[in-house]
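In case you want the letters, here they are:
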Amino acid sequence: MTSFRPGPDDALLVVDVQNDFVSGSLAVPGGAEAIAPLNAAMAAFAAAGRPIVLSRDWHPADHRSFVQQGGPWPPHCVEG
Ligand SMILES: [Zn+2]
């Protein structure tokens, strides 16, 4: 694993790293392999006192993007 040293103007944005995208209904092939490097990057940013911002996908159970409502996606990242 490559080490990374955050600079004084760096921030880390971690987008939608959630179970449904790793091992759930919308799993990304190889997604689990990203967890350890992400954890290492987050540790490096935390140690450097640099900002870490995390987003998460989130839907109500009856979201219109789900196949049951005519959308293209299986239910994923459902509230609660
Ligand atoms: Zn979604």
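Structure's up top.
The rules behind each value
Residues numbered from 1 in each chain as written. Predicted model: local features only at pLDDT ≥ 70, side-chain atom pairs only at ≥ 80, totals over all residues. Heavy atoms only, no water. Helix = DSSP H or I, 4+ residues; strand = E, 2+ residues; numbered from the N terminus. Rg over C-alpha atoms; globule rule 2.2 N^0.38 Å. Buried < 20%, exposed > 50% of the residue type's maximum accessible area, 1.4 Å probe, protein only. Contact = heavy atoms within 4.5 Å. Areas by Shrake-Rupley, 256 points an atom, 1.4 Å probe, with all protein chains shown as cover. Lys, Arg positive; Asp, Glu negative; His and termini not counted. Charge placed at Lys NZ, Arg CZ, Asp CG, Glu CD. Donors = N, O, S within 2.8 Å, 3.2 Å for Na, K, Ca; no water. Pairing = 2+ DSSP bridges.

Below, the discussion takes up the overall build of the protein chain. Within the protein chain, the regular secondary structure consists of 2 helices and 2 strands. Starting at the N terminus and ending at the C terminus, the protein chain contains elements arranged as β-α-α-β. Relative to the compact-globule value of 12 Å for 80 residues, the protein chain shows a C-alpha radius of gyration of 16 Å, a clear excess of over 25%. For the protein chain, the spread of C-alpha atoms along the principal axes amounts to about 45 × 25 × 20 Å. Among the 80 residues that make up the protein chain, the fraction classed as buried is 21%. At a minimum sequence separation of 6, the contacts of the protein chain that also span at least 24 residues come to 51%. Carbon and sulfur atoms make up 57% of the accessible area of the protein chain, which totals about 5,600 Å². One way to put it: in the protein chain the 4 positive side-chain charges average out to a point 9 Å from where the 8 negative ones average out.

Further remarks concern unusual backbone geometry. Of note in the backbone geometry, aspartate 16 takes a positive phi value of approximately 55° without being a glycine. Relative to the elements of secondary structure, aspartate 16 occurs in the loop between strand S1 (12-15) and helix H1 (19-22). In this model, cysteine 77 sits at a positive phi of 50°, which is unusual for a non-glycine residue. Tracing the sequence through the fold places cysteine 77 in the segment after strand S2 (52-55).

Right, let's talk about the coordination of the zinc ion for a bit. With distances of 1.8 to 2.1 Å, the protein atoms coordinating the zinc ion are Asp57 (OD), His59 (NE2) and His76 (NE2). Taken in sequence order, the residues that donate to the zinc ion follow the motif D-x1-H-x16-H. Note that histidine 59 is positioned in the segment after S2 and histidine 76 in the segment after S2, a separation of 17 residues in sequence. Among the residues examined, histidine 59 registers a relative accessible area of 9% and is labelled buried.

Turning our eyes to something else, we now look at the pairing of S1. Burial along S1 is one-sided: Leu12 and Val14 are buried, while Leu13 and Val15, pointing the other way, are not. Summarising the sheet, S1 and S2 pair through 4 bridges and their orientation is parallel. Across the sheet, residue valine 14 finds its bridge partner in S2, namely leucine 54.

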